[in-house]
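Remarks on the overall topology
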Amino acid sequence: MRTNFKADGPRPSAVRPSAIFKGTAITLPNAEAKCKAEGAVVAGLQNKDEAQWMGSTVPTVIGEHGYVWLGLKRTSLCKGKVLYSKCGPLNSFAWSDGSTVGISGYRWAPGEPNNMLGNQDCGVLHSKSEYMDDMACGADVVDSYVCGKVASF
Ligand SMILES: [Ca+2]
């Protein structure tokens, strides 16, 4: 199941989340390859508008119980680290889509990112809560991903 890429949005000249795909268990590297095949990348969330679009759209595509890969990766400095001042909720991760910057699109679940087992290097959005969580990049509970591209389509 998928949404179609939408051609409007708050960032017309930037990569932005614009199509959500649901499959079976998928790793982030596999999701990246699937977005690339669409001429897109796994997208980040630049601001509240994009976070709200995800929050309202994701449940209609994947239901309430799934997770969606975001273009969000733990920085090399914070890999294997537990939370501390240099690796906290606002500075452990960076958007990986080559376009999204900053933390205005962040909405971590309470207690996240917790880097459980020290290998939660990728970010997801939980469909029902609309909160973000860090997970292992190969976590098999994730079956969906969001692709984004510049609005020239
Ligand atoms: Ca986590």
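The rules behind these values
Residues numbered from 1 in each chain as written. Predicted model: local features only at pLDDT ≥ 70, side-chain atom pairs only at ≥ 80, totals over all residues. UniProt positions renumbered as here; feature names shortened; annotations may be inferred. Helix = DSSP H or I, 4+ residues; strand = E, 2+ residues; numbered from the N terminus. Buried ≥ 20, exposed ≤ 12 C-beta atoms within 10 Å, placed from the backbone. Core = buried A, V, L, I, M, F, W, Y, C linked by C-beta atoms within 7 Å. Contact = placed C-beta atoms within 7 Å. Arc of directions from axis to C-beta. Expected span 1.5 Å × (residues − 1). Bend = angle between axes of the 7 residues up to and from the residue.

All right, on to the UniProt feature "domain: C-type lectin" (unreviewed entry) in the chain then. In this structure's numbering, the residues bearing the UniProt feature "domain: C-type lectin" (unreviewed entry) are residues 30-137. Across residues 30-137, the secondary structure splits into 21% helix and 20% strand, with the terminal C-alpha atoms separated by 10 Å.

Moving on: the environment of Gly102. For Gly102, the location among the structural elements is in the loop between strand S4 (93-95) and strand S5 (122-126). Judged by local crowding, Gly102 falls into the exposed class, with 12 C-beta atoms found within 10 Å. Residues Gly102 and Leu45, spaced 57 residues apart in sequence, show a C-alpha to C-alpha distance of 9.2 Å.

Glancing now at the nonpolar core. One finds Val42, Val68, Trp69, Leu70, Tyr145, Val146 and Cys147 to be the most contacted residues of the largest nonpolar core, which totals 33 residues. Residue contacts for Leu70: discarding those within four places in its chain leaves Val42, Gly44, Leu45, Gly123, Val124, Leu125, Met132 and Val146.

Before going further, it helps to spend a moment on helix H1 (residues 28-37). Looking at H1, one finds that the buried residues are Leu28, Ala31, Glu32 and Cys35. Seen from one end, H1 has its buried residues packed into an arc of 105°, which puts them on one side. Opposite the buried face of H1, by more than 90 degrees, sit the exposed residues Ala33, Lys36 and Ala37. The positive-phi residue at the C-terminal boundary of H1 is Gly39, with phi of around 75°.

Another point: helix H2 (residues 48-62). Taking 1.5 Å per residue, 15 residues should reach 21 Å; H2 reaches 21 Å between its end C-alpha atoms and fits that length. The sharpest bend along H2 reaches about 25° and sits at Ser56, with the proline Pro59 one to four residues further on. The complete set of buried residues in H2 reads Glu50, Met54, Val58 and Ile62. Those residues of H2 that are buried lie in contact with strand S1 (16-22), strand S3 (67-74), S5 and strand S7 (144-149). One or two steps after H2, the chain reaches Gly63, where phi turns positive at roughly 85°.

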